[in-house]
Amino acid sequence: VWAALDVLVFKKVAHEITLEPAAMDDLEVEVGTDEPERVSVVCSTSKFRLVIQCKQSSRSNWSVDALIALLKHGKNREPATERLKREIDTRYLLVTNLPVTDTLRVLRVGDFLGAPSPGSASAKMQRELAEVHERIAVLANVEPRMVEIHIRDLLREHCFVPDSQWKACLETLRRQALEKMTARTVVPWTRAEVEAAIRAHEGLLGSSSEAELYVAP
């Protein structure tokens, strides 16, 4: 939901995103013995395609070795590394609740569209992920409460959803996301669908004369 609001509605850099069906495990791997919550999001902008993998885990942190293992592993779909080699305009972003080790900090970004400085990856990543390391980034320390705050702020401050409606709007958007993830076929989640949910909860969008008429409660 956060990605949809940010990329589709706030920044407007894409018209739709694709939520990978949970059973397909695209770009997914369980590293270690825990069972992280996970979902993959794909969006295409005018300049590049962004694959976002969200993983919530109870492990201590993400290391270079763990990230390399994640990127190289694939069960029902090709490994992320192979996809990045094949699709040279594709970038990969890991969104996680965990911190990263010192050697991964250079790959940290502050938002979905951020990119690390060229050549900043560790020597090991440059060696083992030679063709793709410059298109890999990590959005770390993203706790569930932080995600909800980001969503709340986008809905209230950018989309002008009233205080009394933003939680209901969030639930509607969550239901939309779940429907996309559990569909038998891949069905894109469009900006129009997200904006319709916002308007249904008294939000205001656009250039807009709508926004100009908004009066804060």
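A. Spotlight on the side chain of E87. For E87, the position within the fold is in the loop between helix 3 (80–86) and strand 4 (90–96). Relative accessible area serves as the criterion here: at 16%, E87 is assigned to the buried category. Setting aside residues no more than four positions away along its own chain, E87 makes contact with R49 and R135.

B. Seen up close, the environment of N97. Within the secondary structure, N97 sits in the loop between strand 4 and helix 4 (123–128). Relative accessible area serves as the criterion here: at 11%, N97 is assigned to the buried category. Sequence separation between N97 and V142 is 45 residues; the distance between their C-alpha atoms is 4.3 Å. Every residue in contact with N97, bar those within four places of it in the chain, is listed here: K55, Q56, S57, N141, V142 and E143. At 2.9 Å, the side chain of N97 forms a polar contact with the backbone oxygen of S57.

C. The arrangement of the nonpolar core in detail. Ranked by size, the top nonpolar core spans 38 residues in total, and within it L93, F112, L155, V194 and I198 carry the most contacts. A total of 7 residues in this core trace back to one element, the largest contributor, which is helix 1 (residues 2–10). Beyond its immediate sequence surroundings of up to four residues, L155 is in contact with L5, F160, V161, W166, C169, L170, L173 and I198. V64, L71, L98 and A140 belong to the second largest nonpolar core, which has 24 residues in total.

Analysis parameters
Residues numbered from 1 in each chain as written. Predicted model: local features only at pLDDT ≥ 70, side-chain atom pairs only at ≥ 80, totals over all residues. Heavy atoms only, no water. Helix = DSSP H or I, 4+ residues; strand = E, 2+ residues; numbered from the N terminus. Buried < 20%, exposed > 50% of the residue type's maximum accessible area, 1.4 Å probe, protein only. Contact = heavy atoms within 4.5 Å. Polar contact = N/O pair within 3.5 Å; in protein donor to acceptor, adjacent residues only side chain to side chain. Core = buried A, V, L, I, M, F, W, Y, C linked by side-chain atoms within 4.5 Å.

Don't take any of this as a statement about function, it's just geometry.
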